[in-house]
Amino acid sequence: MNLNIAVIPGDGIGPEVIDQTVGVLGKIGDVYHHEFKFNRVLAGGNAIDAVGVPLPEDTVEICKNSDGVLLGAIGGPKWDSLSGEKRPERAILGLRKALGLFGNIRPAILYKELIDACPLKAEIIEGGIDICVVRELTGGIYFGERGRRNTEMGEEAHDIEAYSVGEVKRIAKTAFEIAMKRNKKVTSVDKANVLESSRLWRSVVEDVAKDYPEVELNHMYVDNAAMQLVRNPRQFDVVLTNNIFGDILSDEASMITGSIGMLPSASLGEGNIGMYEPIHGSAPDIAGMDYANPIATILSAAMMLRYSFNLVDEADAIEEAVSKVLKGNYRTRDIMSEGMTLVGTKEMGKLIIERIGNIKS
Ligand code: IPM
Ligand code: MG
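Quick look at the structure, then.

About the thresholds
- Residues numbered from 1 in each chain as written.
- Chains lettered and ligands numbered in written order.
- Predicted model: local features only at pLDDT ≥ 70, side-chain atom pairs only at ≥ 80, totals over all residues.
- Heavy atoms only, no water.
- Helix = DSSP H or I, 4+ residues; strand = E, 2+ residues; numbered from the N terminus.
- Rg over C-alpha atoms; globule rule 2.2 N^0.38 Å.
- Contact = heavy atoms within 4.5 Å.
- Lys, Arg positive; Asp, Glu negative; His and termini not counted.
- Charge placed at Lys NZ, Arg CZ, Asp CG, Glu CD.
- Polar contact = N/O pair within 3.5 Å; in protein donor to acceptor, adjacent residues only side chain to side chain.
- Near = heavy atom within 4 Å.
- Areas by Shrake-Rupley, 256 points an atom, 1.4 Å probe, with all protein chains shown as cover.
- Nonpolar A, V, L, I, M, F, W, Y, C, P; charged D, E, K, R; others polar.
- Buried < 20%, exposed > 50% of the residue type's maximum accessible area, 1.4 Å probe, protein only.
- Core = buried A, V, L, I, M, F, W, Y, C linked by side-chain atoms within 4.5 Å.
- Salt bridge = Lys/Arg side-chain N within 4 Å of Asp/Glu carboxyl O.
- Pairing = 2+ DSSP bridges.
- Axes fitted to C-alpha atoms, helices over the stretch in contact; angles between N-to-C directions.
- Expected span 1.5 Å × (residues − 1).
- Arc of directions from axis to C-beta.
- Patch = residues over 30% accessible without salt bridge, like charges linked within 9 Å, V, L, I, M, F, W, Y side chains within 5 Å.

**Regarding the overall build of the protein chain**
Helix and strand content of the protein chain: 12 helices and 14 strands. Radius of gyration (C-alpha) of the protein chain: 20 Å, near the 21 Å computed for a compact globule of 361 residues. The principal-axis extent of the C-alpha atoms belonging to the protein chain is close to 60 × 50 × 40 Å. For the protein chain, long-range pairs separated by at least 24 residues make up 75% of all intrachain contacts whose partners lie at least 6 apart in sequence. Separation of charge centres in the protein chain, based on 39 positive and 52 negative side chains, amounts to 2 Å.

**A look at the side chain of Thr241**
Of note, Thr241 is situated in strand β10 (residues 238–241). Among the polar contacts listed, one links the side chain of Thr241 to the backbone oxygen of Val189, at a separation of 3.0 Å. Once residues within four sequence positions are removed from consideration, Thr241 is found in contact with Val134, Arg135, Glu136, Val189, Trp201 and Gly246.

**A short note on the site of ligand 1**
All residues adjacent to ligand 1 are Glu89, Arg96, Arg106, Arg135, Tyr142 and Asp247. Here an oxygen atom of ligand 1 and a side-chain polar atom of Arg106 are 2.8 Å apart. Within the side chain of Arg135, a nitrogen or oxygen atom sits 2.8 Å from an oxygen atom of ligand 1. Starting from 320 Å² of accessible surface for ligand 1 in isolation, the protein chains cover 78%. Across the shell around ligand 1, the residue classes tally to 1 nonpolar, no polar and 5 charged.

**A few points about unusual backbone geometry**
Of note, Ala283 is a non-glycine position whose phi angle comes to about 40 degrees, a positive value. Tracing the chain through its elements places Ala283 in the loop between β12 (274–278) and α10 (295–307). For Ala283, a relative accessible area of 23% translates into the label partly exposed. Phi is positive for Asn310, which is not a glycine, with a value near 55 degrees. Here Asn310 shows up in the loop between α10 and α11 (312–327).

**Examining the nonpolar core**
Grouped together as the largest cluster of nonpolar side chains are 84 residues, with contacts concentrated most on Ile131, Phe176, Leu240, Leu305 and Ile352. In terms of residues, this core owes the most to one element, α10, which gives 8 residues. Beyond its immediate sequence surroundings of up to four residues, Leu305 is in contact with Leu25, Ile28, Phe36, Asn310, Leu311, Glu314, Ala315 and Ile318. In terms of nonpolar packing, the next biggest core, distinct from the first, is built from 17 residues, Val69, Leu71, Ile74 and Ile273 among them.

**Here we look at the pattern of salt bridges**
For the coordinates displayed, the defined rule picks out 22 salt bridges. A salt bridge links Lys184 to Glu214, with the shortest nitrogen-to-oxygen separation between them at 3.9 Å. Of the two residues, Lys184 sits in the loop between α6 (165–180) and β8 (185–190) while Glu214 sits in the loop between α7 (196–209) and β9 (216–221), which places them 30 residues apart along the sequence. Look at Glu214 and you get exposed, because its relative accessible area is 54%. Here Asp316 ties to Arg306 by a salt bridge, and the two come within 3.1 Å at their closest N and O atoms.

**Points about the sheet that holds strand β5 (residues 130–136)**
As summarised here, the arrangement of the 10 strands in space is β2-β1-β3-β12-β11-β4-β5-β10-β8-β9, forming an open sheet in which the pairing is mixed. Here the strands that pair on one side only, and so sit at the sheet edges, are β2 (35–40) and β9. Averaged over all pairs of adjacent strands, the angle between their axes in this sheet comes to 25 degrees, without regard to strand direction. One ladder, built from 4 bridges, connects β8 with β10; its direction is parallel.

**Re helix α9 (residues 243–256)**
The end-to-end C-alpha separation of α9 is 20 Å, in line with the 20 Å expected for 14 residues at 1.5 Å each. Listed in full, the buried residues belonging to α9 are Asn243, Phe245, Gly246, Leu249, Ser250, Ala253, Ser254 and Ile256. Relative to the axis of α9, the buried residues are bounded by an arc of 155 degrees and lie together on one face. Near the N-terminus of α9, the side chain that reaches the backbone nitrogen of Ile244, with its oxygen 3.4 Å away, is that of Asn242. In the segment just after α9, Gly258 is the residue with positive phi, at about 110 degrees.

**What about a nonpolar patch on the surface?**
A cluster of nonpolar side chains, contributed by Leu42, Val51 and Val53, occupies part of the molecular surface with about 220 Å² of accessible area. Secondary-structure assignment places Leu42 in the loop between β2 and α2 (45–51).

By themselves, these figures tell us nothing about what the structure is for.
In structure tokens form, the structure reads like this:
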């Protein structure tokens, strides 16, 4: 296949982890005879520095016209003092909206090899953790009306959480479809004891559930879900939730799998185009030091092959190569434990690339 991939290295550790991922995709192209064309574009802090805005028009155009978008990480202290619309994060939010990527899929898997990196007690994680967070990505408080006004108590600011039936329906369908391919359980997380938007959310999810009689549905308040994730993470299969709760719970889910440096994500819309990125941020404190773990981005590329290009063997080949490297006891700093071999970003990429073979033959 000939595929055009828009690549956004971004800020901080973004360019380092992207370089290794592009190397991995290059190897996949060689082994499986695909031609990947990488189109590097600006977004985030580097775009602000280069052209004065976080999300240049041509970045949006190039991403829209590509087969998939691969993103490293965006943001950093250098741009922290900028006001809302000018911040680097606007680039991610703007791209999600422009590409219509309403569904964010964040699998949180605890690899056997990384059990030592998991902060939970052994008896809690016995048998492993395999959760898939399905987060709504283009609605809710992130995109609701916002503003400021003066009151007797001083200036006041608001951000409105709003969800329509259509928005909840499509993300709920995504979650149920995924559950059908997994363990057929959906936990919908809301705050229906307080929020009207959550009450609508809950009733729409219940309606959608009628089309999936094989899937077990339960509802959980977000505060309880935060607790249950560390108390008994094995009760979860698919976690369906809104934009803001999903942001928070997916970071929590990542930590119980050992390291945020391991978790990929896919952001999908109605068509095939998707944006793929690690769930970690730009980690400016370790940028340029060859410390960053490239695995989350490399696994995001595997998700791109699987979801946007339907290249299942190729995706499996990447995931298998990552497993082999971990089994070989190689670790970046974030997942290092006693007796393992410490490697840097580049070495980790190289080890994974070396282990990619044609699993068809
Ligand atoms: C994420 C990030 C983003 C979000 C930021 C960078 C805008 O935290 O993808 O989880 O809040 O969605
Ligand atoms: Mg987040």
